Amino acid sequence: MKKSDYDYLVSALSEAEKAYNEGTYPIGAIIVDEEGMIVSTGRNRVFSECDCTAHAEVDAIRNAGSKLLDIANKRFLKNDYTIYTTCEPCPMCTCTILMSGIKKIVWAADDDEYGGIRKFKEGPHFIDLFDRLSYIASPYLELENKQRELLANWNIGRGILNTEWETAKIK
């Protein structure tokens, strides 16, 4: 029987309480399928696991890996999952959710400082954070070509031809 958004958020809050008791950010998440069954749970483990990427949403997605990926055929599975989280997902989690194919997000508390969903949808996109980040893009053609070759071979092995990775970028 499918529960209400409220009930699923209460389950996510239970994960947040576990994170709090483990000495890390009290954020929890659950993933629910279209039938209303909980596919996986996750909680923030940044300090309990000494892992900067161990956010609650990422943890839940990692725990749902077998439901999100077709390992034998190296493909993402289509899904109509909803992720319930206790706090608006940060930019990393927002992009991870997007990449996982999850279709809907419900959160309990807005995060005006680090919340990513609303900022990405409305813009501007974390300009203050990106202003502090420097980068060097593709400085070595030889290494870029090697990476493109690896990606092309990976895609060809999966039966995907004519991708942008097949030919090296000319500089």
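Please read all numbers here as calculations on a predicted model, not as lab measurements.

What counts and what doesn't
Residues numbered from 1 in each chain as written. Predicted model: local features only at pLDDT ≥ 70, side-chain atom pairs only at ≥ 80, totals over all residues. Heavy atoms only, no water. Buried < 20%, exposed > 50% of the residue type's maximum accessible area, 1.4 Å probe, protein only. Helix = DSSP H or I, 4+ residues; strand = E, 2+ residues; numbered from the N terminus. Contact = heavy atoms within 4.5 Å. 1 Å grid on protein atoms, 1.4 Å probe; cavity = no way out; pocket = protein on both sides within 12 Å on 5 of 7 lines; lining within 4 Å. Points joined across faces, edges and corners; volume = space filled by probe spheres on them. Nonpolar A, V, L, I, M, F, W, Y, C, P; charged D, E, K, R; others polar. Pairing = 2+ DSSP bridges. Axes fitted to C-alpha atoms, helices over the stretch in contact; angles between N-to-C directions. Core = buried A, V, L, I, M, F, W, Y, C linked by side-chain atoms within 4.5 Å.

A. Spotlight on helix α2 (residues 56-63). In terms of burial, α2 is a largely internal element, six of the eight residues being buried. Turning to α2, its buried residues number three or more, namely A56, E57, V58, D59, A60 and I61. Of the surrounding elements, those touching the buried residues of α2 are β1 (28-32), β2 (38-43), α3 (65-68), β5 (82-87) and α4 (91-100).

B. Here's a closer look at the environment of I31. Along the chain, I31 falls in strand β1. A sequence separation of 53 residues divides I31 from Y84, and the C-alpha atoms of the two residues are 6.3 Å apart. Apart from the residues within four sequence positions on either side, I31 is in contact with M37, I38, V39, S40, A60, I61, A64, Y81, T82, I83 and I102.

C. Structural view of the layout of surface pockets. Reported here for the second largest pocket is a volume of approximately 160 Å³. Where the lining of the second largest pocket is concerned, the elements lending two or more residues are α4, β6 (104-109) and α5 (117-122). Here the residues of the lining of the second largest pocket sort into six nonpolar, two polar and three charged.

D. The sheet that holds β6, seen in detail. Judged by pairing direction, the sheet is mixed, and its four strands sit side by side in the order β2-β1-β5-β6 without closing on themselves. Edge positions in the sheet fall to β2 and β6, since each of these pairs with one other strand and no more. Looking at each pair of strands side by side, their axes are set apart by 15° on average, direction ignored. Two elements, β5 and β6, share five bridges in a ladder whose sense is parallel.

E. Quick peek at the nonpolar core. With twelve residues, the main nonpolar core is built from A29, I31, V39, A56, A60, I61, A64, L68, Y81, I83, I97 and I102. Of all the elements in the fold, those that place two or more residues in this core are β1 and α2. Take this core: its biggest share by element is three residues, from α2.

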